[in-house]
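Secondary and tertiary structure notes
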Amino acid sequence: MNDCLSTRKLLASTHKIDVPKFKISGNLDSLCCSITKPFSGELIVEESELAIKSIEIQLLRVETCGCAEGFSRDSTEIQNIQIGDGNVVRKIAIPIWMLFPRTFTCPTLLTVNFKIEFELSVVLVFEDDRMVSENFPIKLTRY
């Protein structure tokens, strides 16, 4: 899966004008993953007008419970890996390699009234502590 995180994309979706100019591209090897195998991919910082403090990959578990009155959605960070520290070199691939924690992950479960889903969040923290992120839904399987 190839995608790009950039100022233009964020401005189009959030209508914020206080986002520094930047562009990150990369690929995730798969959005359908076995919980017994590592998650992998790479990110490339193409440009950034502000210095970068860190780049992090977060694994989120999203639980949804529902009934006739409505649905409740709760997202929990279960793992955070810093893949870039400091103002990383531009246009160099940063590898992503993450093992799924056994005690906090399970295969994705989708039923009528209950769901356990997972998301991968790419978080970019600038030197002035402003933060931008984008979430990618992933499906976990047993095999």
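One structure accompanies this document, and this report is about it. Keep in mind that what you see is a predicted model, and the values were worked out from it rather than measured. (Residues numbered from 1 in each chain as written. Predicted model: local features only at pLDDT ≥ 70, side-chain atom pairs only at ≥ 80, totals over all residues. Heavy atoms only, no water.)

Scanning the protein chain from N- to C-terminus turns up one helix and ten strands. Taking all contacts inside the protein chain whose residues are at least 6 apart in sequence as the whole, residues at least 24 apart take part in 61%. Summed over its atoms, the accessible surface of the protein chain is roughly 8500 Å², and 54% of this surface lies on carbon and sulfur atoms. (Helix = DSSP H or I, 4+ residues; strand = E, 2+ residues; numbered from the N terminus. Contact = heavy atoms within 4.5 Å. Areas by Shrake-Rupley, 256 points an atom, 1.4 Å probe, with all protein chains shown as cover.)

A few words now on the packing of aromatic side chains. As enumerated under the stated definition, the model contains two aromatic pairs in all. The interplanar angle of 65° and the centroid separation of 5.8 Å between the aromatic rings of Phe 22 and Phe 126 together place this pair among those described as edge-to-face. In this pair, Phe 22 sits in strand β2 (residues 22-28) while Phe 126 sits in strand β9 (residues 114-126), placing the two residues 104 residues apart along the sequence. This pair shows no difference in class: Phe 22 is buried, exactly as Phe 126 is. Considering the side-chain rings of Phe 39 and Phe 100, the 6.3 Å spacing of their centres and the 70° angle between planes classify their relative orientation as edge-to-face. A residue pair is termed long-range when its members are at least 10 positions apart, and Phe 39 in strand β4 (residues 39-48) and Phe 100 in the loop between β7 (93-98) and β8 (109-110) qualify at 61 residues. For Phe 100, a relative accessible area of 7% puts it in the buried group. (Phe/Tyr/Trp six-rings, centres within 6.5 Å; stacked < 30°, edge-to-face > 60°. Buried < 20%, exposed > 50% of the residue type's maximum accessible area, 1.4 Å probe, protein only.)

This next bit is on the environment of Ser 75. Turning to its location among the elements, Ser 75 is positioned in strand β6 (residues 70-85). With twelve residues separating them in the primary sequence, Ser 75 and Glu 63 have C-alpha atoms 6.4 Å apart. If sequence neighbours within four positions are ignored, Ser 75 has contacts with Leu 60, Arg 61 and Val 62.

To continue, consider the pattern of salt bridges. Inspection of the entire model under this criterion finds five salt bridges. Residues Lys 21 and Glu 47 are paired through a salt bridge, measuring 3.7 Å at the closest nitrogen-oxygen approach. Of this pair, Lys 21 sits in the loop between α1 (7-14) and β2 while Glu 47 sits in strand β4, and the two are 26 residues apart along the sequence. A relative accessible area of 35% means that Glu 47 is categorised as partly exposed. For Arg 73, the salt bridge identified is with Glu 119, shortest N-O distance 3.1 Å. With Arg 73 in strand β6 and Glu 119 in strand β9, the pair connects residues that are 46 residues apart, well separated along the chain. On the accessibility criterion, Arg 73 (55% relative accessible area) is exposed. Take Glu 119: its relative accessible area is 14%, and that puts it in the buried class. (Salt bridge = Lys/Arg side-chain N within 4 Å of Asp/Glu carboxyl O.)

As a further point, take unusual backbone geometry. A positive phi angle is found at Lys 91, which is not glycine, with a value near 60°. Summarising the element assignment, Lys 91 is placed in the loop between β6 and β7. Residue classification places Lys 91 among the exposed residues on the basis of a relative accessible area of 60%.

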